[in-house]
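# Coordinate inspection notes
Spelled out, the chains give:
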Amino acid sequence: MDLAYIPSPSTGVIHLGPVPLRGYAFCIILGVFVAVWLGNKRWIARGGTAGTVADIAVWAVPFGLVGGRLYHVITDYQLYFSEGENWVDAFKIWEGGLGIWGAIAFGAVGAWIGCRRRGIPLPAYADAIAPGIALAQAVGRWGNWFNQELYGKPTDLPWALKITESANREAGLYHPTFLYESLWCVGVALLVIWADRRFELGHGRAFALYVAAYCAGRGWIEYMRVDEAHHILGLRLNVWTAIVVFLLAVVYMVVSARVRPGREETVEPRSRRPVETEKTEKTDDSGEAEDADTAKADADGGPDDSEAPAASDDVEKNGAGNGAGSAAKG
């Protein structure tokens, strides 16, 4: 008798009246909101303006969804285009099936378009959004729990995942690889935040650290999975992808640190000006105001022309007396 295990939901859809709310889609949407929220806070801390991250996400998210689905369909084409399968199912994204590799690659293209429209360097934006993406993945992985998919090998551990019988799966207790990856992604997000504060990572190195750290975890988690996948030299395709991408991320961090050390001083030129410039401009404005007052006074005939006639009258009335007094004193 199994005393402890993680239960799976009986259904992945909750009906709010006539509207179906799918758990997988809900997790993806919630993850996007988390990424934008955290990315916005980090972007403002770097000197950017509020709302910029969301504006660019309008481009990045749709591209990412398309790229993630394309990667999944291409690498698991037998699920949609083999004999007896319906190719229309390739468009049913709500049933699960997003490849993170395609999502990040295509999402980067969308982000580049958004950054270019705003005059923002893509590496700086990527650094700001990196830990948010990791948290988005942590949330999104729970969508696999709703769909009872992407679990690992059979196990009798207390935290085993209970899978129910269906046409495409066998009932039993399995490693909850969705949970492993979710927790790993939370750790990746915390690592990137810490390293960014400690070493002031810039020019895309915080994003590269996220990629490398995620790949390190994805490699061993992917190795535990038992769902159908293509193999190369005995390893699952995604394991090889994780290895290659990990090496590329590490090389980028090393080369970038040598070529462009430090962090960008300005991430969004139109957001705000340096404090020194503002002080200088205030001083210049004050000086210009004083010069304007002086010029106005000169043009009007002195500091206070209204007193001039009174002074002339005093001279005319007391001129003689003053002159005599001066002569006596001399």
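For the structure, see preceding data.
Reference entry: report on the structure contained in this document. Just so it is clear, the structure is predicted and the values come from calculations on it, not from any experiment.

## Structural notes on the overall build of the protein chain
Across its full length, the protein chain holds eleven helices and six strands. By residue count, 38% of the 330 residues in the protein chain fall in the buried class. A separation threshold of at least 6 residues defines the contact pool for the protein chain, and within that pool the share at least 24 residues apart is 72%. Surface accessibility of the protein chain: about 19400 Å² in total, with carbon and sulfur atoms responsible for 64%.

## A few points about the packing of helix α5 (residues 122–140) against helix α8 (residues 205–224)
In the contact formed by α5 and α8, the axes pass within 7 Å of each other and the chain directions differ by 25°. Between α5 and α8, the angle falls in the class roughly parallel. Relative to α8, α5 is oriented so that their crossing is left-handed. Mapping the contact onto sequence places Ala126, Asp127, Ala130, Ile133, Ala134 and Gln137 in α5 and Arg205, Ala206, Phe207, Tyr210 and Tyr214 in α8. Of the residues in the contact of α5 with α8, the class split is eight nonpolar, one polar and two charged.

## Quick notes on the nonpolar core
Ranked by internal contacts, the top residues of the largest apolar core, which has 38 residues, are Trp43, Trp101, Tyr125, Val192, Phe207 and Tyr210. Secondary-structure elements contributing two or more residues to this core are α2 (52–75), α4 (100–118), α5, α7 (177–199), α8 and α9 (237–259). In this structure, Ile6, Trp145, Leu161 and Ile163 belong to the second largest nonpolar core, which totals eight residues.

## What about the side chain of Glu181?
Among the secondary structure elements, Glu181 is positioned in helix α7. Residue classification places Glu181 among the buried positions, given a relative accessible area of 3%. Excluding residues that lie within four positions of it along the chain, Glu181 makes contacts with Gln137, Arg141, Tyr214, Arg218 and Ile221.

## Digging into the pattern of salt bridges
Taken as a whole, this structure holds 13 salt bridges when the rule is applied. A salt bridge links Arg218 to Glu222; the nearest nitrogen and oxygen atoms lie 2.9 Å apart. Highlighted residues: Arg218 and Glu222, both in helix α8, separated by four residues, approximately one helical turn. Using a relative accessible area of 4% as the deciding quantity, one classes Arg218 as buried. Look at Glu222 and you get buried, because its relative accessible area is 1%.

The rules behind the values
- Residues numbered from 1 in each chain as written.
- Predicted model: local features only at pLDDT ≥ 70, side-chain atom pairs only at ≥ 80, totals over all residues.
- Heavy atoms only, no water.
- Helix = DSSP H or I, 4+ residues; strand = E, 2+ residues; numbered from the N terminus.
- Buried < 20%, exposed > 50% of the residue type's maximum accessible area, 1.4 Å probe, protein only.
- Contact = heavy atoms within 4.5 Å.
- Areas by Shrake-Rupley, 256 points an atom, 1.4 Å probe, with all protein chains shown as cover.
- Axes fitted to C-alpha atoms, helices over the stretch in contact; angles between N-to-C directions.
- Parallel < 35°, antiparallel > 145°, perpendicular 65-115°, else oblique.
- Left-handed = near helix turned anticlockwise from the far one by under 90°.
- Nonpolar A, V, L, I, M, F, W, Y, C, P; charged D, E, K, R; others polar.
- Core = buried A, V, L, I, M, F, W, Y, C linked by side-chain atoms within 4.5 Å.
- Salt bridge = Lys/Arg side-chain N within 4 Å of Asp/Glu carboxyl O.

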